[in-house]
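# Chains, contacts and geometry: an overview
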Amino acid sequence: MLSRISFVTLAAAFALIAGQVGTADAQSVPIKGSGTEGMYDPGSGTYWGEGIVSHMGRSSYVGNIVITDVFPPTPGTFFAGLFEGTQELVAANGDKLFFDVSGEVNLEIDPATGLVFGTWLLDWEITGGTGRFEGATGSTEGAAINPPFDPAVVPWIFDWYFDGEIDLAKRR
């Protein structure tokens, strides 16, 4: 009787484990990206460029933001406020990731040169994708940095990076 209970228990445990493998949670892994010489058109809110992103390799991106709040002017500040928008990141093979973007910008004036430099603190929320990123979710944090520039010359150049987690929506 004891060996029969052990066999039944073992069979039930195996069936339970096998059933769980098919319905396992999606895989969440780190994602990082960075790039230089991105471009931003303040008239349209459109930005674009290239970079290297984990799980994607060399990638291109395009996004659009709108200013949602402007902070009161302070000495030495060219512009400060909040923004939100969307972005599409495209891997070399054509697979895409989609993001909602939000953050805060602070552009300062260098009094010695009259040039503007700034920092854009960003949160990217992954909202899906195509190809192997279909159904992906996750979030990242990062920044875009404007080296000194003349604000009358468009597009404005920036370097960027992000670091976060992506849920690849794959079954293990």
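Residues numbered from 1 in each chain as written. Predicted model: local features only at pLDDT ≥ 70, side-chain atom pairs only at ≥ 80, totals over all residues. Heavy atoms only, no water.

## Focus on a negative patch on the surface
- Together, Glu 84, Asp 100, Asp 123, Glu 125, Glu 141, Asp 163 and Glu 165 make up a region of like negative charge exposed at the surface.
- For the negative patch, the secondary-structure elements that each account for two or more residues are β6 (116–129) and β8 (156–167).
- Of note, Glu 141 is situated in strand β7 (residues 137–149).
- A relative accessible area of 55% means that Glu 141 is categorised as exposed. (Patch = residues over 30% accessible without salt bridge, like charges linked within 9 Å, V, L, I, M, F, W, Y side chains within 5 Å. Areas by Shrake-Rupley, 256 points an atom, 1.4 Å probe, with all protein chains shown as cover. Salt bridge = Lys/Arg side-chain N within 4 Å of Asp/Glu carboxyl O. Lys, Arg positive; Asp, Glu negative; His and termini not counted. Charge placed at Lys NZ, Arg CZ, Asp CG, Glu CD. Helix = DSSP H or I, 4+ residues; strand = E, 2+ residues; numbered from the N terminus. Buried < 20%, exposed > 50% of the residue type's maximum accessible area, 1.4 Å probe, protein only.)

## With respect to the sheet that holds β6
- Around the barrel, which closes on itself, the eight strands sit in the order β1-β2-β3-β4-β5-β6-β7-β8 with antiparallel pairing between neighbours. The mean inter-strand angle of the sheet, taken between neighbouring strand axes irrespective of direction, is 25 degrees.
- Alignment of strand β5 (residues 96–109) against β6, held across 13 bridges, turns out to be antiparallel. Bridged to Phe 99 within β6 is Ile 126. (Pairing = 2+ DSSP bridges. Axes fitted to C-alpha atoms, helices over the stretch in contact; angles between N-to-C directions.)

## Some points on the environment of Gly 33
- You can see Gly 33 is positioned in strand β1 (residues 28–41).
- Along the chain, Gly 33 and Gly 51 lie 18 residues apart, while their C-alpha atoms are 6.9 Å from each other.
- If near-sequence neighbours (up to four positions away) are discounted, Gly 33 is found in contact with Ile 52, Val 53, Trp 160, Tyr 161 and Phe 162. (Contact = heavy atoms within 4.5 Å.)

## Comments concerning the pairing of β1
- In the sheet, β1 pairs with β8 via 11 bridges, with the strands oriented antiparallel. Bridge assignment links Ser 34 to a residue of β8, and that residue is Tyr 161.
- Here five bridges tie β1 to strand β2 (residues 46–53), and the two strands are oriented antiparallel to one another. Looking across to β2, one finds that Met 39 is bridged to Trp 48.

## Considerations on empty space enclosed by the protein
- A complete count under the given rule lists one cavity of 30 Å³ or more for this structure.
- Volume-wise, the largest cavity comes out at about 220 Å³.
- Considering the residues around the largest cavity, the lining is formed by 14 residues, among which Tyr 47, Leu 122, Trp 124, Ala 144 and Phe 158 are closest to the centre.
- Of all elements in the fold, only β3 (57–70), β4 (77–91), β6, β7 and β8 reach the threshold of two or more residues within the lining of the largest cavity.
- In terms of residue class, the lining of the largest cavity is made up of 12 nonpolar, two polar and no charged. (1 Å grid on protein atoms, 1.4 Å probe; cavity = no way out; pocket = protein on both sides within 12 Å on 5 of 7 lines; lining within 4 Å. Points joined across faces, edges and corners; volume = space filled by probe spheres on them. Nonpolar A, V, L, I, M, F, W, Y, C, P; charged D, E, K, R; others polar.)

## A word on the side chain of Thr 140
- With respect to the secondary-structure elements, Thr 140 resides in strand β7.
- With sequence-adjacent residues up to four places away left out, Thr 140 is seen in contact with Ile 31, Leu 122, Asp 123, Trp 124, Phe 162, Asp 163, Gly 164 and Glu 165.

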